[in-house]
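Fold and contact review
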Amino acid sequence: MSFLYMNLSAAFMILAIIGVRAICKNKVPYIAIWLLWGLAVMRLYIPFHLESNFSIYNGIYHIRRWLATSDFIQVGHNKYYFDRVIYKLWAMPEVKVVVFGIWIVGASLISHYYLKDYRICRTIWKTAEESPLQTEMEAILSKYDCCKVIRIRQSNQIDCPVACGIFYHGIIIPTNLKQMDQKKFEQMLLHEYMHHKYMHPLLEHILVMILCLNWF
């Protein structure tokens with residue numbers, strides 16, 4: 001199974017997942033959406049194939065078969081078929097070099113964007129102050145049996161809370177956040193804690209790497 005075919009089939013899976021999310025918003029369990037995205041990621045890199053009589057790929061196969069046996073373009077007395085033209089183009093070394101160059105440019109631009117974003121987040125964390133609410137927040141987390149050690153800092157450079165850190169667990173809060181009522185404050189803190197509980201910062205880094213490699 002070729003890398004190109006795996007990525008094309010994964011692209012159709014991604015479109016299907018987006019469609020499911022749009023149609024069944026707030027009706028499909030959160031874990032089900034994560035499992036679907038996990039299958040899409042597996043499809044990008046693992047050459048597995050599930051046989052089924054009812055599949056979107058069957059439709060793609062019939063479309064390809066129709067294109068392969070139909071006149072795609074006719075110049076004079078010469079007939080050119082879609083799949084044969086694509087195959088010949090892809091077999092040319094010059095085309096492969098150009099495609100690889102386009103991939104490098106795209107991956108570099110997206111990597112630069114996210115690295116810039118990551119450096120900004122690191123700078124905010126380093127310049128943030130230790131929160132005077134650390135003890136109070138630890139007491140709130142203990143009340144809900146949240147056992148992870150969380151470092152909490154505050155910064156005037158952000159206007160919403162941020163969970164950050166893979167090897168350490170940190171939360172950056174806006175300086176004036178304590179102005180909200182106690183119930184909302186607890187909900188905010190628990191929300192950020194759950195990001196660390198389910199390793200969302202690590203998953204985010206993994207998904208960014210996948211996006212950089214498979215941006216096309």
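It should be noted that the structure appears before, not after, this text.
Below, the structure is looked at part by part.

Attention now moves to the overall build of the protein chain. Helices and strands together make up the secondary structure of the protein chain, namely 8 helices and 6 strands. Traced from its N-terminal end to its C-terminal end, the protein chain shows the element sequence α-α-α-β-β-α-α-β-α-β-β-β-α-α. When burial is assessed residue by residue, the protein chain has 26% of its 216 residues classed as buried. Taking all contacts inside the protein chain whose residues are at least 6 apart in sequence as the whole, residues at least 24 apart take part in 59%.

There is a patch of nonpolar side chains on the surface, built from Phe3, Leu39, Met42, Tyr45, Ile46, Leu213 and Phe216 and spanning about 650 Å² of accessible area. Broken down by element, the nonpolar patch gets its largest block of residues, 3 residues, from helix 2 (residues 30–45). Following the sequence through the fold, Tyr45 ends up in helix 2. A relative accessible area of 35% means that Tyr45 is categorised as partly exposed.

Their axes nearest at 12 Å, the elements helix 2 and helix 8 (residues 200–213) cross at an angle of 40°. Seen along the crossing, helix 2 lies across helix 8 with a hand that is left-handed. Across the interface between the two elements, Tyr30, Trp34, Val41, Leu44 and Tyr45 from helix 2 touch His200, Leu203, Leu207, Ile210 and Leu213 from helix 8. Split by residue class, the contact of helix 2 with helix 8 holds 9 nonpolar, 1 polar and no charged.

Contact geometry of helix 5 (residues 93–127) with helix 8 gives a least axis separation of 8 Å together with a crossing angle of 155°. For the element pair helix 5 / helix 8, the angle class is roughly antiparallel. Where helix 5 abuts helix 8, its residues Trp103, Ala107, Ile110, Ser111, Tyr114 and Tyr118 lie against His205, Val208, Leu211, Cys212 and Leu213. Class assignment for the residues of the contact of helix 5 with helix 8 results in 9 nonpolar, 2 polar and no charged.

Within the element layout of this structure, Gln134 appears in helix 6 (residues 134–143). Judged by relative accessible area, which is 16%, Gln134 ranks as buried. Distance from Gln134 to Arg151, taken between C-alpha atoms, is 7.7 Å for residues 17 residues apart in sequence. Every residue in contact with Gln134, bar those within four places of it in the chain, is listed here: Ile150, Arg151 and Ile152. A distance of 3.0 Å separates a polar side-chain atom of Gln134 from the backbone nitrogen of Ile152.

About the cut-offs
Residues numbered from 1 in each chain as written. Predicted model: local features only at pLDDT ≥ 70, side-chain atom pairs only at ≥ 80, totals over all residues. Heavy atoms only, no water. Helix = DSSP H or I, 4+ residues; strand = E, 2+ residues; numbered from the N terminus. Buried < 20%, exposed > 50% of the residue type's maximum accessible area, 1.4 Å probe, protein only. Contact = heavy atoms within 4.5 Å. Patch = residues over 30% accessible without salt bridge, like charges linked within 9 Å, V, L, I, M, F, W, Y side chains within 5 Å. Areas by Shrake-Rupley, 256 points an atom, 1.4 Å probe, with all protein chains shown as cover. Salt bridge = Lys/Arg side-chain N within 4 Å of Asp/Glu carboxyl O. Axes fitted to C-alpha atoms, helices over the stretch in contact; angles between N-to-C directions. Left-handed = near helix turned anticlockwise from the far one by under 90°. Nonpolar A, V, L, I, M, F, W, Y, C, P; charged D, E, K, R; others polar. Parallel < 35°, antiparallel > 145°, perpendicular 65-115°, else oblique. Polar contact = N/O pair within 3.5 Å; in protein donor to acceptor, adjacent residues only side chain to side chain.

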